[in-house]
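Residue-level structure breakdown
Next come the chains, spelled out residue by residue.
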Amino acid sequence: HRSCMPVRARSDTGRGYIFGRFVRRNRQGLAIGGSIALLLLSMSVVSTGLYWRAERARVEADARFGEVRSLARFLLFDAYDRLADAPGTVAVRANLAETARKYLERLNSVPNAPDDLRLDLARSYRRLATIQGLSGTSNLGQPQLAIVSLDRAEALLAPLMQAHPDDPEVLNESGWLQLARWTLASDAKGPGKNAPAVRYFAAALAKRPDSAEARLGLLVAKCNAAFDFEKADRHAEAIAEAEGALSSVRASPWPDRLRTEARMLELRLLNRIGDARYYSGDFKGGLTAYREGANLARSELAKA
């Protein structure tokens, strides 16, 4: 009895009595165990609360990240294009490009960024370079900054090319990056940047024959090749390259998002043909191509 053991001499030795004697016999251990259980329960409640708080913070951070990503794209594409046609907006566009650059820097600092973000950033940096200083578009006259942006784009694309060498999207972006490098080169550009672009676009078309971006990029590369031929006084080759590309541009059905770029390419090709014919001594043929280009430009300007 003094040891709190059940006493068989009692008439009431049911389970309740036996359990009561067990509790009295193990009071200290049960008290400690209860404290531990209470502590574990408290820790579980706290951990659960911290988990949900962290999860809510993660969701909010992801939302802010998505907003920054969307805002950077809006500034570089939609907003800039709307301002580019308006006179007296150079200062505003420069400010807009700098703001977009800061957003891209924030996105680029994300550790272990997923591949889709890297590809999106590469496109955005190339677009920023176009805005900063690539000829052929409404740029800000900052070619040195454009080179920096293209370097960032190339740094983002390099690991993607290693990991996904057959991905049409990665191949397309690699091709457009090389075209941008060609545009930024000196007047005597040469095939150094243009030939890799042709290979990238051809590989992308082999994987996805219906890719309008790759088809347009390949034709832009042909236009560049015509320029290189002309600079080397290879007039016949320049004319053949430009006329072949011009036929393809006119024969291709372009989606709305690429229609303006396709028309701009058509105009550049007519200018290439005009130059090559003029410098080969065919002044009448050169004038015909120039007039056709001028009419095309007037037609487009009349629409907007």
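Residues numbered from 1 in each chain as written. Predicted model: local features only at pLDDT ≥ 70, side-chain atom pairs only at ≥ 80, totals over all residues. Heavy atoms only, no water.

**Notes on the overall build of the protein**
A count of helices and strands for the protein gives eleven helices and zero strands. Starting at the N terminus and ending at the C terminus, the protein contains elements arranged as α-α-α-α-α-α-α-α-α-α-α. Counting every position in the protein, which comprises 304 residues, the buried fraction comes to 35%. Once local pairs closer than 6 in sequence are excluded, the contacts in the protein between residues at least 24 apart make up 59%. Within the structure as shown, the protein displays about 18,000 Å² of accessible surface, and the carbon and sulfur contribution to it stands at 56%. (Helix = DSSP H or I, 4+ residues; strand = E, 2+ residues; numbered from the N terminus. Buried < 20%, exposed > 50% of the residue type's maximum accessible area, 1.4 Å probe, protein only. Contact = heavy atoms within 4.5 Å. Areas by Shrake-Rupley, 256 points an atom, 1.4 Å probe, with all protein chains shown as cover.)

**Side note on the packing of aromatic side chains**
This structure, assessed with the given rule, holds four aromatic pairs. Ring geometry for Trp182 and Phe227: centres 5.6 Å apart, planes at 85 degrees, overall edge-to-face. Taken together, the residues Trp182 in helix 6 (residues 168-184) and Phe227 in helix 8 (residues 212-231) connect sequence positions 45 residues apart. Here Phe227 falls in the buried class, since its relative accessible area comes to 14%. Taken together through their ring pairs, the aromatic side chains of Tyr278, Tyr279 and Phe283 make up a single cluster. The positively charged end of Arg215 is found above the aromatic ring belonging to Trp254, 4.6 Å away from the centroid. (Phe/Tyr/Trp six-rings, centres within 6.5 Å; stacked < 30°, edge-to-face > 60°. Lys NZ or Arg CZ within 6 Å of the ring centre and 35° of its normal.)

**Some points on the side chain of Ser174**
Mapped onto the elements, Ser174 comes out in helix 6. Contacts of Ser174, omitting those with residues within four sequence positions, involve Leu157, Met161 and Tyr200.

**Let's talk about unusual backbone geometry**
A positive phi is found at Asn112, a non-glycine position, where the angle reads about 55 degrees. Of note, Asn112 is situated in the loop between helix 3 (90-108) and helix 4 (115-133). A positive phi is found at Asp233, a non-glycine position, where the angle reads about 60 degrees.

**Focus: the pattern of salt bridges**
Pairing of side chains with opposite charge becomes possible as their charged atoms draw close. Considering all chains together, one arrives at 19 salt bridges under this definition. Residues Glu154 and Arg181 are paired through a salt bridge, measuring 2.6 Å at the closest nitrogen-oxygen approach. Residue Glu154 is found in helix 5 (residues 143-163), and its partner Arg181 is found in helix 6; the two are separated by 27 residues along the sequence. Across the salt bridge formed by Glu237 and Arg234, the nearest N and O atoms sit 2.7 Å from each other. Take Arg234: its relative accessible area is 39%, and that puts it in the partly exposed class. (Salt bridge = Lys/Arg side-chain N within 4 Å of Asp/Glu carboxyl O.)

**Remarks on the nonpolar core**
Grouped together as the largest cluster of nonpolar side chains are 32 residues, with contacts concentrated most on Leu104 and Leu157. Where this core is concerned, the elements lending two or more residues are helix 2 (27-84), helix 3, helix 4, helix 5 and helix 6. With eight residues, helix 4 is the single largest residue contributor to this core. Ranked by size, the runner-up nonpolar core spans 29 residues in total, among them Leu205, Ala226, Leu246 and Leu265. (Core = buried A, V, L, I, M, F, W, Y, C linked by side-chain atoms within 4.5 Å.)

**Let's talk about the packing of helix 10 (residues 256-279) against helix 11 (residues 283-303)**
Viewed as axis vectors pointing N to C, helix 10 and helix 11 meet at an angle of 160 degrees, and their least axial separation amounts to 7 Å. By the angle class used here, helix 10 and helix 11 are roughly antiparallel. Regarding helix 10 and helix 11, the two cross each other, and that crossing is left-handed. Taking contact as the criterion, the partners of Arg259, Arg263, Glu266, Leu267, Leu270, Asn271, Ile273, Gly274, Asp275, Arg277 and Tyr278 in helix 10 are, on helix 11, Phe283, Gly285, Gly286, Ala289, Tyr290, Glu292, Gly293, Leu296, Ala297, Glu300 and Lys303. Its residues assigned to classes, the contact of helix 10 with helix 11 comprises nine nonpolar, five polar and eight charged. (Axes fitted to C-alpha atoms, helices over the stretch in contact; angles between N-to-C directions. Parallel < 35°, antiparallel > 145°, perpendicular 65-115°, else oblique. Left-handed = near helix turned anticlockwise from the far one by under 90°. Nonpolar A, V, L, I, M, F, W, Y, C, P; charged D, E, K, R; others polar.)

**Points about the confidence of the model for the protein**
Scored by pLDDT, the protein comes out at a mean of 86, with 89% of its residues at no less than 70. Per-element confidence in the protein ranges from a low mean pLDDT of 68 for helix 2 to a high of 97 for helix 9 (residues 235-251). (pLDDT = per-residue confidence, 0-100.)

**Some points on the packing of helix 8 against helix 9**
Between helix 8 and helix 9, the shortest axis-to-axis distance is 8 Å and the interhelical angle comes to 160 degrees. The orientation of helix 8 relative to helix 9 falls into the category roughly antiparallel. Here helix 8 runs over helix 9; the crossing is left-handed. Contacts from Leu219, Lys222, Ala225, Ala226, Phe229 and Glu230 in helix 8 reach His235, Glu237, Ala238, Glu241, Ala242, Ala245, Ser248 and Val249 in helix 9.

**Considering the side chain of Arg126**
Tracing the sequence through the fold places Arg126 in helix 4. Those residues within four positions of Arg126 in sequence are excluded, and the remaining contacts are Leu150, Ala153, Glu173, Trp176 and Leu177.

**Digging into helix 3**
Between the first and last C-alpha of helix 3 there are 26 Å, a value that for 19 residues agrees with the 27 Å anticipated at 1.5 Å per step. Residues Arg93, Leu96, Ala97, Ala100, Tyr103, Leu104 and Leu107 constitute the buried set of helix 3. Mapping the buried residues of helix 3 onto a view down its axis gives an arc of 120 degrees, with all of them on the same face. Among the exposed residues of helix 3, those oriented more than 90 degrees off its buried face are Ala91, Asn95 and Arg106. (Expected span 1.5 Å × (residues − 1). Arc of directions from axis to C-beta.)

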